[in-house]
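The residues making up each chain are set out below.
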Amino acid sequence: MNRRQFLQRSTTAGAAVLAGGAAFATGHRLTMPPLLDTRSSGRMNLTAQAGTTSFIGDVASRTAGFNQAFLGPTVVLQNGPLAARVENTLAEPISAHWHGLLVPGEHDGGPHLPVATGATWEPDMQIAQSPATIWYHSHIHGKTAPQVYAGLAGLIHLTDGRDDERGLPNTYGIDDLSLVIQDRRFDGGGRMVYDPTMMDLMHGFGGNRMMVNGQVGATAAVPAGITRLRLLNGSNGRIYTLHLSDDRPMHLITTDGGFLTAPITVQSLRLAPGERVEVLVDFSDGEAPALMSEPSRPFTVLPFAIDTSLAARIDRLPDVLDGVPLDLVGPAAKTRTVLLEMGMGGGMMGRREFSINGRPFAMDHLNFRVNLGDVERWTIRGAMVAHPFHVHGVVFRVLSENGAAPRPENIGWKDTVLVAGEAEIIARFDQPAAPETPYMFHCHILEHEDAGMMGQFSVT
Ligand code: C2O
Ligand code: CU
Ligand code: CU
């Protein structure tokens, strides 16, 4: 389909499709996940369910999702009380971890909080943090990779309703697009498969097709103006270096933990599994490039097409943003070293031992205890490949990467950072986690996590 054909199709059916989030009537126009706005009810109901999804042609693949067959709704949250209800109708235990929400360990949804088949988990949470693009996914020990791959993941927009004051686009699916970027492997018949080999265990399970919001081969319609793209790398193992095909700038406005203090202009952005960024892209010249990724051969992640029927409300970039300054400096109560290791075939039948500080994850082993309110400085070292390192229950600041100042995409508040060699981070542990429901710290290459590159700590 060329651009003219696309535009013809989009003017007839497009706007209605986007606004309603309804059936994929135009065939190739990217749709947003449905919205689950909790702001008036204070309730968030998610049901994990099995389903089938046709990604390529009408070939059905077995999938899982929250409230739908594949992936979950975009949950809109605000600060205040939130009564969550997670029901599991799948044939195996799942969990619902809120990756990026700063909530106590008992509400965190990690491996110690499984929801059995037919059971319901109802954490009563209090949300109190800066606006951010967050996500949720299942986190069962040893099963996180296959369950997230099957579709048990979704986005969260934590908002304070003040984006108009910030001068930021905020009309969902029009000038504010949520893009869940994932790669998936399809067999010759077009069926999604998950059958990791030793090689996939090493590098993370990679796909042979890209999908965005669970859609293969879609084009995103954008207005001829400034558009906000919220990007989540929801892939099991693939690291993207994203750029636009005509090399136009992207204006980075958030990292994992929320807004920067001012936009940073970049031409490319590295996004590792688990990380989120929001960027502004100016399409007002009416040209629509594609979102591409390296490394090695560049490939298309998502083509854009201008739809002049979409209203572009914002025509200038904000000069400043109101992100929380990175105020964690000075002495730390403790320093720790975290080694992410992939053993060299020492285990049974040549199985690699994935570990942290020489120890593979064990449900009943607490790696350490942190004092509530303490500031700690951690040095993370990754062996052999680059590892996206994630810590639950905190946002941290990256102090250095391989001895140098952090890259632009690591300048703001983070909960996941790609460690290619060594990184130093600093965090204040303000949320409690009892030893029975500790926080996890792990590699977000999900095959590494499942194989043991994870540890846990309490905060008391
Ligand atoms: Cu996104 Cu412990 O995970
Ligand atoms: Cu997490
Ligand atoms: Cu890893």
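This text gives an overview of the structure that appears in the document.

Procedures and definitions
Residues numbered from 1 in each chain as written. Chains lettered and ligands numbered in written order. Predicted model: local features only at pLDDT ≥ 70, side-chain atom pairs only at ≥ 80, totals over all residues. Heavy atoms only, no water. Donors = N, O, S within 2.8 Å, 3.2 Å for Na, K, Ca; no water. Helix = DSSP H or I, 4+ residues; strand = E, 2+ residues; numbered from the N terminus. Buried < 20%, exposed > 50% of the residue type's maximum accessible area, 1.4 Å probe, protein only. Phe/Tyr/Trp six-rings, centres within 6.5 Å; stacked < 30°, edge-to-face > 60°. Lys NZ or Arg CZ within 6 Å of the ring centre and 35° of its normal. Salt bridge = Lys/Arg side-chain N within 4 Å of Asp/Glu carboxyl O.

## Focus: the coordination of the copper ion (ligand 2)
Here is step 1: Coordination of the copper ion (ligand 2) by the protein is provided by His97 (NE2) and His390 (NE2), with metal-donor distances spanning 1.9 Å. Linking histidine 97 in strand 6 (residues 97-99) with histidine 390 in strand 28 (residues 387-391), this pair joins segments that are 293 residues apart in sequence.
Here is step 2: Exposure remark for histidine 97: the relative accessible area of 1% places this residue in the buried category.
Here is step 3: Residue histidine 390 is classed as buried on the basis of its relative accessible area, which comes to 1%.

## Topic: the packing of aromatic side chains
Here is step 1: Across all of its chains, the model carries 21 aromatic pairs by this definition.
Here is step 2: For the pair tyrosine 149 and tyrosine 194, a centre-to-centre distance of 4.8 Å together with 45° between the ring planes defines the contact as tilted. Taken together, the residues tyrosine 149 in helix 2 (residues 144-150) and tyrosine 194 in the loop between strand 12 (192-193) and helix 4 (198-203) connect sequence positions 45 residues apart.
Here is step 3: On the numbers, 5.2 Å between centres and 40° between planes, the contact of phenylalanine 368 with phenylalanine 441 is tilted. With phenylalanine 368 in strand 26 (residues 368-370) and phenylalanine 441 in strand 32 (residues 439-443), this pair connects stretches of sequence that are 73 residues apart. Both residues of the pair, phenylalanine 368 and phenylalanine 441, belong to the buried class.
Here is step 4: Of the aromatic side chains, those joined through ring pairs into one cluster are Phe368, Trp378, Phe389, Phe429, Tyr439, Phe441 and Phe457.
Here is step 5: Between arginine 184 and the ring centre of tyrosine 149, over which it is positioned, the NZ or CZ distance is 4.4 Å.

## Notes on the pattern of salt bridges
Here is step 1: Summed over the entire model, instances satisfying the criterion amount to 33 salt bridges.
Here is step 2: Between glutamate 278 and arginine 228 there is a salt bridge; the shortest N-O distance is 2.8 Å. You can see glutamate 278 sitting in strand 21 (residues 276-282) and its partner arginine 228 sitting in strand 16 (residues 226-233), a full 50 residues away along the chain. Side by side, glutamate 278 and arginine 228 carry an identical accessibility label, which is buried.
Here is step 3: Here the salt bridges do not stand alone but share partners, grouping Asp160, Arg162, Asp163, Glu165, Arg166, Asp176, Arg228, Arg230, Glu278 and Asp322 into one network.

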